[in-house]
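The primary structure of each chain is shown beneath.
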Amino acid sequence: MLEEKLANYIHEGIYPFHMPGHKRQSIVQWNPYEMDITEIDGFDDLHHASGILKEAQERAARLYGAKRSFYLVNGSTCGILAAICATAGRRKRILLARNCHRSAYHAAYLNELAVDYLYPCITEAGIQGQIPPESVRQKLEAAVCAKTIADIEAVVITSPTYDGVVSDVRAIAQITHEYEIPLIVDEAHGAHFGLSPYFPESAVRLGADIVIQSLHKTLPSFTQTALLHIGTDRVNEREIERRLDIFETSSPSYLFMAGMDACIRLLEERKDSLFEEYQSRLSDFYRKTERLRFLKTTGKSDFSKKEAYDIDESKIRIMTGRSGLTGKSLYDLLLKKYRLQMEMVSGGYVLALSSMMDTAEGFDRLAEALLEIDAACSPEEEENRRGSWKPEQLYHEQEKVLEIAEAQDAPREELMPEAAKGRIAASYLYLYPPGIPILVPGERITGGVLSEMAKCKDMELEIYGLSPKGGIEVVNFS
């Protein structure tokens, strides 16, 4: 039973370096069953807020400096769907960062949008970097030349990325606004931005028109809680409301909303002291891990200005470097021997997510584990154990033959990978986490993609989108 498994898990001594950001610590003192209600008298209605929920959302807007903020109880996913579908009309066009979450692609499907991609630069370590402002300008200027600029109704980027890479949102917003196009920023992993000078500024205050944040990822709030902020007058608020009516449940959880309000109130009252303590613990962790010889925890100084405009230090990127370990072997070692649950694993690194709720004891456990693993490393075995896997080869520009909706709605058949070479993908293939597509419906399946997928499987990384038999869905033109 799930209840029993969860109850047992909390007593296993595993420390959570993963979301949600409350890290299993309560900031409320109530019984969930006693507080679980519906829209009864005196408790307002999220879809027509005029009382206590209106006031709660206004508190969130004040905290982040937004023109207006909406509670989301279906996570950032429903906010991204609502933002894109409310901004880009049916069969229009959007400029989309290729490293956006799959929910952005689902919005493109629902509104049958034509999609032009912005590709992030790839860092030396193989992590996806920022979206350069000049690439946004180039795409928009090309659309002017092609006389398609009138069809582009939104630019959508993700900042910070899952790995904590931040783009120059202010510069990108200024560029999009020159063309009178709104900027939507998926800031799901940056709900702590703008609340402390130790972390980057929030896109809300940098000129973005719509910003979506997951409270639960980096702050003490329940899983599935998020915010949609409107930052400028370029956004049709009524249209956002209408789309949220579609994508958000008509029975929002009052437990979730009470938890969000508790989180916002906590930040209003104590954010300065909480973030000061958090910064101290996090800085102490990075100082301790400077002694690593083969493993490496990366910070802002490890990225060039081209690779990253800024870096979120709350995301702890542990590179296997010259250790001779793969990302998966390090991930498994941290969990099985040291009882430390990481958030994500990739070919050459693991990702630990921290928050203000992490304890000094938790950071010490991770630092000590890394130092102990590092001391036992045999770097001469690196080539034998890591092989030639290069994660940057996963996410590069693909040939688009059909738009997303055209491919997903077309007749399809399932083929094994080698037989699918040269065919057009009818479904997504992606590593999860982070949920960024390797292949999008409508793109041609190349030998390079198939080769990199095989390497991912060899590295024990999870590829979603394959059938139980390992097949790939392709468009059937016959």
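So, a few notes on the structure that sits alongside this text. (Residues numbered from 1 in each chain as written. Predicted model: local features only at pLDDT ≥ 70, side-chain atom pairs only at ≥ 80, totals over all residues. Heavy atoms only, no water.)

### Things to note about unusual backbone geometry
Negative phi is the rule for most residues except glycine; trans is the rule for most peptide bonds. Look at the link from Met-19 to Pro-20: it is a cis peptide, with omega at 5°. Checked against the element boundaries, Pro-20 lands in the loop between strand S1 (15–17) and helix H2 (32–35). Cis geometry is adopted by the peptide bond preceding Pro-160, which originates at Ser-159 and carries an omega value of 5°. In this fold, Pro-160 is placed in the loop between strand S5 (152–158) and strand S6 (165–166). Look at Arg-91: it is not a glycine, yet its phi comes out positive at around 65°. When you line up the elements, Arg-91 lands in the loop between helix H4 (75–87) and strand S3 (93–97). Even without glycine at this site, Arg-339 takes up a positive phi of about 60°. (Helix = DSSP H or I, 4+ residues; strand = E, 2+ residues; numbered from the N terminus.)

### Comments concerning the pattern of salt bridges
Under the defined criterion, the tally for this structure stands at 36 salt bridges. Between Arg-205 and Glu-201 there is a salt bridge, and its shortest N-O distance comes to 3.9 Å. Given a relative accessible area of 36%, Arg-205 falls into the partly exposed group. Between Glu-452 and Lys-455 there is a salt bridge, with its nearest N and O atoms 3.4 Å apart. Linking Glu-452 with Lys-455, this pair stays in helix H16 (residues 447–458), spanning 3 residues, or about one helical turn. Shared partners join several salt bridges into a network, and the residues in it are Lys-67, Arg-68, Asp-233, Glu-237, Arg-238 and Glu-241. (Salt bridge = Lys/Arg side-chain N within 4 Å of Asp/Glu carboxyl O. Buried < 20%, exposed > 50% of the residue type's maximum accessible area, 1.4 Å probe, protein only.)

### What about the packing of helix H3 (residues 52–64) against helix H10 (residues 254–288)?
When two helices pack together, their arrangement is given by the angle between the helix axes and the distance between those axes. Running from N to C, H3 and H10 cross one another at 40°; their axes reach a closest spacing of 10 Å. If you check the angle between H3 and H10, you find them oblique. In this structure, the crossing between H3 and H10 has a hand that is left-handed. In this structure, H3 uses Leu-53, Ala-56, Arg-59, Ala-60, Arg-62, Leu-63 and Tyr-64 to contact H10, whose residues at the interface are Tyr-254, Met-257, Asp-261, Ile-264, Arg-265, Leu-267, Glu-268 and Lys-271. In the contact of H3 with H10, the residues fall into 9 nonpolar, no polar and 6 charged. (Axes fitted to C-alpha atoms, helices over the stretch in contact; angles between N-to-C directions. Parallel < 35°, antiparallel > 145°, perpendicular 65-115°, else oblique. Left-handed = near helix turned anticlockwise from the far one by under 90°. Contact = heavy atoms within 4.5 Å. Nonpolar A, V, L, I, M, F, W, Y, C, P; charged D, E, K, R; others polar.)

### Examining the sheet that holds strand S14 (residues 344–345)
In space, the 4 strands of this open sheet follow the order S10-S12-S15-S14, with antiparallel pairing throughout. In this open sheet, the two edge strands, each paired with only one partner strand, are strand S10 (296–297) and S14. The pairing of strand S12 (residues 315–319) with strand S15 (residues 349–353) spans 5 bridges and is antiparallel. Bridging across to S15, Arg-317 finds its partner in Leu-351. (Pairing = 2+ DSSP bridges.)

### A closer look at the packing of aromatic side chains
One pass over the structure, following the stated rule, counts 15 aromatic pairs. Geometrically, the ring pair formed by Tyr-15 and Phe-17 is tilted, given 4.9 Å between the ring centres and 50° between the ring planes. Take Tyr-15: its relative accessible area is 9%, and that puts it in the buried class. For Phe-17, a relative accessible area of 0% gives the class buried. Ring geometry for Phe-199 against Phe-275: centres 6.0 Å apart, planes inclined by 70°, an arrangement best described as edge-to-face. Note that Phe-199 is positioned in the loop between strand S7 (183–186) and strand S8 (210–214) and Phe-275 in helix H10, a separation of 76 residues in sequence. Through successive ring pairs, a cluster of aromatic residues spans Tyr-15, Phe-17, Phe-285, Tyr-286 and Phe-363. Between the NZ or CZ atom of Arg-98 and the centre of the ring of Tyr-117, over which it lies, the distance is 5.1 Å. (Phe/Tyr/Trp six-rings, centres within 6.5 Å; stacked < 30°, edge-to-face > 60°. Lys NZ or Arg CZ within 6 Å of the ring centre and 35° of its normal.)

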